Amino acid sequence: MTLLDWKIDMAEIKNVTKAIIPVAGLGTRMLPASKAIPKELLPILDKPIIQYVVEEAINAGISQIIFITNDSKEAIEKHFEKNFFLESSLKKTKKKKLLESVKGIIPENIKITSIKQKKPLGLGNAIYRASDFISNEPFAVLLPDEFLLNNKPLSDLKNMINNFNLSKEGQVLVEKISSKFSKNYGVVDLLKSRKHNQKFKKITNFKEKPKSLKSKEAYRIIGRYVLPSETMSFLKKARPSKDGEIQLTDSLLSMINSEVNLNATLSSSKVYDCGSFKGLIGANIALASKDPKMKRYMKEILN
Ligand code: G1P
């Protein structure tokens, strides 16, 4: 490849404007609360979990959201659609603040599309369902069970997109954990480097939910990814693992083994697993404690 070809090649890599958000999971960990209501609509204070995740994507520069959904999740689509009846009744009763809160859920220029995942065939399959909407361009994936709280001016997702733009290589969000928790997550090995202040590190291995590891600590994957367009062709070839599901992690491993570099961006957020009651309560307490009135109220209860 000549320098000119390389420059043309790089110039052809498009911006990250689309995000895939899989919401087809059954939410069994949240039963019975999630029997009739999608778990993604359970609230953190006054907004459903999914709204925070969509806002996180939009704030990072995403303009098209693709939900991978199923027949029992229509309420998620409804949450982002206009509700004429509710709006006109709030207008009539002059409930201005409430009207604003339901009117402007997402800016008008943001496009939301939904695609059904007919069978629960795993995360890799869910993402591949969006392949017709991803035309030779990078894309983000956000798993809405994970609620990320960050005081930094740039969110982790924005950092990942910046790192993608710098490197033109995929980015996976990670955090350090004790290896005893590795059985719950995808984990990565990173290229050892002496360089300080690296914005991201090259991933040398992926393992999905390993039962044990030699090292005491591990880097686990948090549900945020910025992936190159080639990911879809790897997912197309992917076969189910032992549990019958197509794992995204397996395709990411095939990518690095085929010399498609992927990197890890280290998270600076506090992560709450809102697919569990403990995490959902944690996220509510963490957000409520940012509001002085709520904080006082919580102290009152605990005393
Ligand atoms: C999925 C991924 C896993 C990742 C996790 C993050 O697992 O397969 O690699 O660490 O999301 O939330 P799940 O939690 O869907 O089983």
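For the structure given in this document, a descriptive report is provided here. (Residues numbered from 1 in each chain as written. Predicted model: local features only at pLDDT ≥ 70, side-chain atom pairs only at ≥ 80, totals over all residues. Heavy atoms only, no water.)

**Describing the overall build of the protein**
1) Next: Check the secondary structure of the protein and you find 11 helices and 13 strands.
2) Next: Since a compact globule built from 303 residues should have a radius of gyration of about 19 Å, the 20 Å found for the protein is in line with a globular shape.
3) Next: Overall size of the protein, expressed as C-alpha extent along the three principal axes, is 65 × 45 × 40 Å.
4) Next: A total of 303 residues make up the protein; the buried ones form 45% of that total.
5) Next: Pairs at least 24 residues apart make up 77% of the contacts formed inside the protein by residues separated by at least 6 positions.
6) Next: When the accessible area of the protein is evaluated, it comes to approximately 17,700 Å², of which 54% is carbon and sulfur surface.
7) Next: Seen as two clouds, the 52 positive and the 32 negative side-chain charges of the protein have centres 5 Å apart. (Helix = DSSP H or I, 4+ residues; strand = E, 2+ residues; numbered from the N terminus. Rg over C-alpha atoms; globule rule 2.2 N^0.38 Å. Buried < 20%, exposed > 50% of the residue type's maximum accessible area, 1.4 Å probe, protein only. Contact = heavy atoms within 4.5 Å. Areas by Shrake-Rupley, 256 points an atom, 1.4 Å probe, with all protein chains shown as cover. Lys, Arg positive; Asp, Glu negative; His and termini not counted. Charge placed at Lys NZ, Arg CZ, Asp CG, Glu CD.)

**Describing the packing of aromatic side chains**
1) Next: All chains considered together, the criterion is met by three aromatic pairs.
2) Next: Where Phe147 meets Tyr272, the ring centres are 6.4 Å apart and the plane angle is 40°; that geometry is what we call tilted. You can see Phe147 sitting in strand 7 (residues 146–149) and its partner Tyr272 sitting in strand 13 (residues 270–273), a full 125 residues away along the chain.
3) Next: Judged by its relative accessible area of 5%, Phe147 is buried.
4) Next: What links up through ring pairs into an aromatic cluster is the set Tyr52, Phe147 and Tyr272.
5) Next: A cation over an aromatic ring shows up here: Arg220 above the ring of Tyr185, its NZ or CZ 4.1 Å from the ring centre. (Phe/Tyr/Trp six-rings, centres within 6.5 Å; stacked < 30°, edge-to-face > 60°. Lys NZ or Arg CZ within 6 Å of the ring centre and 35° of its normal.)

**Thoughts on the side chain of Gln247**
1) Next: Its location among the elements puts Gln247 in the loop between helix 8 (231–237) and helix 9 (248–257).
2) Next: Accessibility expressed as a relative area gives 9% for Gln247, which makes it buried.
3) Next: Within the local environment of Gln247, its side chain forms a polar contact with the side chain of Asp243, the two groups lying 3.2 Å apart.
4) Next: Sequence-distant contacts of Gln247, that is, excluding residues within four places in its chain, are made with Gly124, Glu208 and Ser241. (Polar contact = N/O pair within 3.5 Å; in protein donor to acceptor, adjacent residues only side chain to side chain.)

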